[in-house]
Structures are given as C-alpha cells and as structure tokens.
Amino acid sequence: MKLVLGSGSPRRLELLAQLGVTPDDIRPPDIDETPTPGELPRPYCARMAREKACAVKAAGDEIVLCADTTVALGRRILGKPENAGQAAEFLWALSGRRHRVITAVAVKAGDRLWERDVVTQVRMKRLSDDEVNGYLASQDWQGKAGGYGIQGLAGALVPWIQGSYSAVMGLPVAETATLLTAAGWPLWKDRT
C-alpha cells in the first residue's frame, strides 16, 4: 500500500511527518478553484478537497490524501492573494476581527472517499501600518489562504484561536489520522 499526497504544500508534509507519515509520492492536482456564484465557504472548501482527491490519478494500491484550507470572513471566501495589494486588503479586512479557517480533508482509496472538515475560530489583533507593511515585505503571505500563515511571522498577529492549530496551518492532524486509518493506512502499525 502506498500513500500519495495530493498537495505541493510543505506545511502539509511537515504535519504528516508529525504522524510519522512520509508520502510515497506527491501529485498536486490541477483543478479550477474558483468558487461558484453564492457558494458559502464551508461547502466550497469541502468541494475543493473532494475535487482534488478525485483529480489525482491513483493505482489500486494507492491511498490519496488531499486537503483545502479556506479563510472565511462571514460569508466571504478569502483565498490565496494574487498580489501584495490583495494580501493587504485581506489583512486589513481581518484586522481586529474574528474569522473562521476551514480545512477540509479528503482521502480516496479505490472508489471510496472519506471526508472531514474542521472549522477553527481565529482572532487577528488590530493591525498597525508597520505590522501590515512588515508582514507584506516578508513575502510570507504568498500562497496562503487569507494572506497569512499562522505558523510563521503572522503568529505574532493572532492572539487567540479556538479549535485546531494544525488545521489553520493546513492539515488537521487528529482528523487526518482518523481518515487515513479508515482508508486502511496502517498508521498505528509497522509499515515496513
């Protein structure tokens, strides 16, 4: 049995390593991640994880793990910013407010699919011009939903979360372990 990670995220690799799991292959899927008109953040995120898992070609002895992380400010989906200007817009919108970080995980084995999503409440402090400009200059916002990564410099901007820290990073470790076990991955057994 082999494990395929359907993601190019280095953070997801790090979080899998916490479980003692090293994927046999990494195959990031190429899908359209545009929300449909009126789509709400949680269903959108779950759909993205499911579509990613279905898009990864896999042999019969391979388990595919995919995830999607979305930042939701009310009904608004804050995806990965296209540029520093959009990242600044996201940061100012989040400044001094609570928002939700949703991470959906999909595990595929053969024609079976296991899914789970985790919602974490996050509060960002009221940001100053220096904090926003300094964070933008760090380039740490690139490729991150909502324009920030809690595990990096932006950790100094987030005084409070309620929920799963690893889910905010991009992969809820406990829920991922449960899904991998359900799919037959020998997480708690000798894998040699």
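Because the structure is a prediction, the values reported are computed rather than measured. (Residues numbered from 1 in each chain as written. Predicted model: local features only at pLDDT ≥ 70, side-chain atom pairs only at ≥ 80, totals over all residues. Heavy atoms only, no water.)

(A) A look at the side chain of lysine 52. By the secondary structure assignment, lysine 52 is in helix α2 (residues 41-55). Given a relative accessible area of 8%, lysine 52 falls into the buried group. Of note is the side chain of lysine 52, whose polar atom sits 3.1 Å from the backbone oxygen of alanine 67. Those residues in contact with lysine 52 that lie beyond four places of it in its chain are Pro29, Ile31, Glu33, Cys66, Ala67 and Asp68. (Helix = DSSP H or I, 4+ residues; strand = E, 2+ residues; numbered from the N terminus. Buried < 20%, exposed > 50% of the residue type's maximum accessible area, 1.4 Å probe, protein only. Polar contact = N/O pair within 3.5 Å; in protein donor to acceptor, adjacent residues only side chain to side chain. Contact = heavy atoms within 4.5 Å.)

(B) Local environment of the pairing of strand β1 (residues 2-5). The sheet contact formed by β1 and strand β3 (residues 62-73) spans 4 bridges and is parallel. Pairing of leucine 3 across the sheet is with isoleucine 63, part of β3. In this structure, β1 lies alongside strand β2 (residues 25-26), joined through 2 bridges in parallel fashion. By the bridge assignment for β2, valine 4 is matched with aspartate 25. For the crossover that starts at β1, traverses helix α1 (residues 10-18) and ends in the parallel β2, the hand is right-handed. (Pairing = 2+ DSSP bridges. Right-handed = clockwise from strand over helix to strand, strands pointing away.)

(C) Fine view of the side chain of threonine 176. Along the chain, threonine 176 falls in helix α6 (residues 173-182). Look at threonine 176 and you get buried, because its relative accessible area is 0%. Discounting chain neighbours no more than four positions away, the residues touching threonine 176 are Leu16, Leu19, Leu65, Val105 and Leu171.

(D) Broad picture of unusual backbone geometry. Positive phi is not limited to glycine here, since glutamine 139 has a value of about 65°. By secondary structure assignment, the location of glutamine 139 is in the loop between α4 (129-138) and β7 (160-162).

(E) Main features of α1. By the burial criterion, the buried members of α1 are Arg11, Arg12, Leu15 and Leu16. Buried residues in α1, looked at end-on, bunch into an arc of 140°, giving them a common side. Against β1, β3, α5 (165-169) and α6 lie the buried residues of α1. Two to three positions downstream of the cap, the backbone nitrogen of arginine 11 sits 3.2 Å from a side-chain oxygen, assigning the N-cap of α1 to serine 9. Just downstream of α1, glycine 20 is the residue with a positive phi angle, here 75°. (Arc of directions from axis to C-beta.)

(F) The pattern of salt bridges, seen in detail. The final tally for this structure, using the stated rule, is 10 salt bridges. Among the ionic pairs, glutamate 39 bridges to arginine 47, the shortest N-O distance being 2.8 Å. Accessibility assignment for this pair places glutamate 39 and arginine 47 in one class, buried. A salt bridge links aspartate 117 to arginine 42; its shortest N-O distance comes to 2.7 Å. Taken together, the residues aspartate 117 in strand β6 (residues 112-123) and arginine 42 in helix α2 connect sequence positions 75 residues apart. One network of salt bridges, with partners in common, ties together Asp25, Arg27 and Glu62. (Salt bridge = Lys/Arg side-chain N within 4 Å of Asp/Glu carboxyl O.)

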